[in-house]
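Close look at the chain arrangement
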Amino acid sequence: MAEVAVLGVLAVAAASLDALLGGRSWDAPWREAARLLGTARRTTVRSDVLLMRTGVVVLPVAAALAAAVVPLGGGAAAGVPVSVVWFNALEVVAWAAVWLVGWGTNSAFALVGGYRFLAQGLAYELPHMFALITAALAAHSLDFRKIAAAQDGLWFGVWMPVAFAVYLVSALAMTFWGPFGHPVGDDVAGGAALELSGADRLVFFAGRYGLLAVAAAASVPLFLGGGAGPVLPGWAWSAVKAAAVLALLVWARRRLPVLRMERFMTAAWTVLIPAVLLQMLVVGIVVV
Amino acid sequence: MVWAVGTLGAVAVAFGVAVFAVDSMARATFALLASFLCTGGLLMLAGLHYLGVLVVLMMIMEMLVMAVFMVMYMMNPAGLMPMSMLHNRRGALAIAGTAFAAMVAGIFAVPWPEREGRPRGDPAVALGEASMGPKMLVMMVIGVAILATMIATVALALKSGRYGDGA
């Protein structure tokens, strides 16, 4: 389970980096966590507490279960032969989590946030899936470990840059982070997370950092050659690369504004999907 | 193994019952989803990893989309007032009872074949070849055609597309 723990540490580091980039101290997330743990939970009228709590808890659980199949260096915590599909299934759990939280609190803006994430998820799941499949196609395997092993010499990120770029963009969207943060956007007073307070809020946002860390870590076996690299052992290279990608994703939040959702969804359907399909065609021709 | 299968099966049935026992559309949707997830787990226990994980992936996506439509079209969607998923109780009971009895009878009546030989290395490949065989290429082309149709439909339906406001 060391792999899952390493990704947990990365998630905490991402929160610290985000605080630093936002002009606060590195320990701001810790103080925020302590404050949230000491805060009484706010309740809303006629909320569906069961569904809301399910949504909150399921987010970090999905991140941890996804982390179990992502290899650091050679082996993963759980040796699943179809780990790419498993990883994608658990990313999609985030849709359920955000919708449940938005619905369960019985609050209008929270509900808007929940529905936004569904629309957004549908638009980004297809390009995301095709980016994953492109790497799997080149390696003839749905196993992260075999995909990483298939990249000796030339990283997939180098010779299939479109798939890598689409993966990074859709990973941001699937974790409703940065430019794709409308489900918890300020224009709907915090969206799905509006009524979350105390421990609920802490668990929910910790789960989002977890998902972000897992998405960054998965890009290493998919596109960045896994643990390959000079001098350092495999797990160290994996961790370094994952940290670099994660830093890029966190940085993107501070550098890019929240994009207008309907415009970017149009781009997702009409640009990202055809682009990644063409990439897949090229990879298919090269491989076969 | 037997225990895991039994537990997953029982939990799947329990969530299936819950679908008709809860009084909120959202809860019914997610009870159904939980039931399907147990079914995916059963497939994985049977060694069909790809199919099992695929069931989990597809069911989450599908049930979430379905939640949107169910909430949109149902009367009293939020369960703010007590709502029942039960309709035509007697007829439904008779149909369900007959179907259940027929299926249980089938389990005992069918002469199950003995296993001959060993299963192939990759059950997903074996399943694909068993169900599609030489028509694999046709299926793949049709798959891409369906996807292209979906994307074209969305592109046409966009505000800036053929049938948008500005057209």
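A quick note: this is a predicted structure, and the numbers were derived from the prediction, not measured.

Here is what the cut-offs are and how they apply
Residue numbers here run from 1 along each chain, matching the order of that chain's written sequence. Throughout, the order in which chains and ligands are written sets their labels, letters from A for the former and numbers from 1 for the latter. Local features in a predicted model are, by the rule used here, given only for residues with pLDDT of at least 70; side-chain atom pairs are given and counted only at 80 or more, and totals for whole chains, interfaces and linings are based on all residues. Water and hydrogen atoms were dropped before computing side-chain values, which therefore reflect all heavy atoms in the structure. Only DSSP runs of H or I reaching four residues or more are called helices, and only runs of E reaching two or more are called strands; each is numbered from the N terminus. Our radius of gyration looks at C-alpha atoms and nothing else; its globule reference is 2.2 Å times the residue count to the power 0.38. Relative accessibility under 20% of the residue-type maximum defines a buried residue, over 50% an exposed one, and the middle range a partly exposed one, all with a 1.4 Å probe and only protein chains included. Throughout, a residue-residue contact means that at least one pair of heavy atoms, one from each residue, lies within 4.5 Å. We count Lys and Arg on the positive side and Asp and Glu on the negative side, and we leave His and both chain ends out. Positions of charges follow a simple convention, taking NZ of Lys, CZ of Arg, CG of Asp or CD of Glu. Buried area is calculated as the accessible area (1.4 Å probe) missing from two parts once they are joined, with the contributions of both summed. Any carboxyl oxygen of Asp or Glu within 4 Å of a side-chain nitrogen of Lys or Arg constitutes a salt bridge here. Confidence scores here are pLDDT values: one per residue, from the predictor, ranging 0 to 100. Here, nonpolar core refers to any group of buried Ala, Val, Leu, Ile, Met, Phe, Trp, Tyr and Cys residues whose side-chain atoms link them within 4.5 Å. Each aromatic pair joins two rings of Phe, Tyr and Trp (for Trp, the six-membered one) with centres within 6.5 Å, and gets the label stacked for planes under 30 degrees apart, edge-to-face for over 60, and tilted for any other angle. By this rule, a helix spans an expected 1.5 Å times one less than how many residues it contains. Consider a residue and the seven residues that end there alongside the seven that start there; fitting an axis to each set, the bend is the angle between those axes. Definition of a polar contact: a pair of N or O atoms within 3.5 Å, with one able to donate and the other able to accept a hydrogen when the atoms are protein atoms, and with sequence-neighbouring residues admitted only if both atoms are side-chain atoms.

When helices and strands are counted, chain A shows 11 helices and zero strands. Going from N to C terminus, chain A has its helices and strands arranged as α-α-α-α-α-α-α-α-α-α-α. Computed over the C-alpha atoms, the radius of gyration of chain A is 19 Å, within 12% of the 19 Å expected from 2.2 N^0.38 for a compact globule of 288 residues. Looking at chain A as a whole, 56% of its 288 residues qualify as buried. In chain A, once contacts between residues fewer than 6 apart in sequence are set aside, the share between residues at least 24 apart is 79%. Considering chain A, the positive charge centre built from 18 side chains and the negative charge centre built from 14 side chains are found 5 Å apart.

A few words now on the environment of Ser25 of chain A. Relative to the assigned elements, Ser25 of chain A resides in the loop between helix 1 (2–21) and helix 2 (28–37). Residues within four places of Ser25 of chain A in sequence aside, it is in contact with Ala19, Leu20 and Arg31 of chain A.

Before going further, it helps to spend a moment on the interface of chain A and chain B. On the side of chain B, 27 residues touch chain A, which itself brings 30 residues to the contact. Carbon and sulfur atoms supply 88% of the area that chain A and chain B bury against each other, a total of about 2400 Å² over both sides. Run the count over chain A and chain B and you get zero salt bridges. The set of elements that each furnish at least two residues to the side of chain A that touches chain B consists of helix 3 (49–67), helix 4 (83–104), helix 5 (108–139) and helix 11 (261–287) of chain A. Counting residues per element, the side of chain A that touches chain B draws most heavily on helix 4 of chain A, which supplies 11 residues.

It is worth spelling out the confidence of the model for chain B at this point. Residues and elements named next belong to chain B. In the predicted model, chain B carries a mean pLDDT of 82, and 87% of its residues have values of at least 70. Of all secondary-structure elements in chain B, the lowest mean pLDDT belongs to helix 5 (residues 123–131), at 79, while helix 4 (residues 89–109) reaches the highest, 92. Quick note on the complex model: pTM equals 0.83, ipTM equals 0.83.

Phe87, Trp99, Tyr167, Phe204 and Phe223 of chain A are the most contacted members of the largest nonpolar core, which totals 115 residues. In terms of residues, this core owes the most to one element, helix 4 of chain A, which gives 17 residues.

Moving on, we come to the packing of aromatic side chains. Residue and element names in this part refer to chain A. A complete count under the given rule lists 14 aromatic pairs over all chains for this structure. Between the aromatic rings of Phe87 and Phe144, the centroid separation amounts to 5.7 Å while the plane-to-plane angle is 75°, which identifies the pairing as edge-to-face. Here the residue Phe87 occupies a position in helix 4, and Phe144 occupies one in helix 6 (residues 144–149), the gap between them amounting to 57 residues. Residue classification places Phe87 among the buried positions, given a relative accessible area of 1%. Measuring from ring centre to ring centre gives 5.3 Å for Phe204 and Phe205, while their planes differ by 90°; the resulting arrangement is edge-to-face. Each of the two residues, Phe204 as well as Phe205, counts as buried.

Take helix 5 of chain A next. All names here are of chain A. End to end, helix 5 covers 46 Å across 32 residues, agreeing with the expected 46 Å (1.5 Å per residue, within 8%). Helix geometry: helix 5 is bent most strongly at Tyr124, by close to 30°, with proline Pro127 lying one to four residues after it. Downstream of helix 5 by one or two residues, His140 has phi in the positive range, about 55°.

Close approach of charged atoms allows side chains with opposite charge to pair. All names here are of chain A. Counted by the stated rule, this structure contains four salt bridges over all chains. Here Arg35 and Glu32 are joined by a salt bridge, their closest N and O atoms 3.1 Å apart. Residue Arg35 and its partner Glu32 are located together in helix 2, separated by three residues, close to a single helical turn. Assessed through its relative accessible area of 47%, Arg35 is described here as partly exposed. Among the ionic pairs, Asp143 bridges to Arg145, the shortest N-O distance being 2.8 Å. Three or more residues joined by partner-sharing salt bridges are found here, namely Arg41, Arg53 and Asp200.

Residues and elements named next belong to chain A. Mapped onto the elements of the fold, His182 is located in the loop between helix 8 (161–174) and helix 9 (198–223). Within polar-contact distance, the side chain of His182 engages the side chain of Gln120 at 3.1 Å. What His182 contacts, discounting residues up to four positions off in sequence, is Arg116, Gln120, Val188, Val258, Leu259, Arg260 and Met261.

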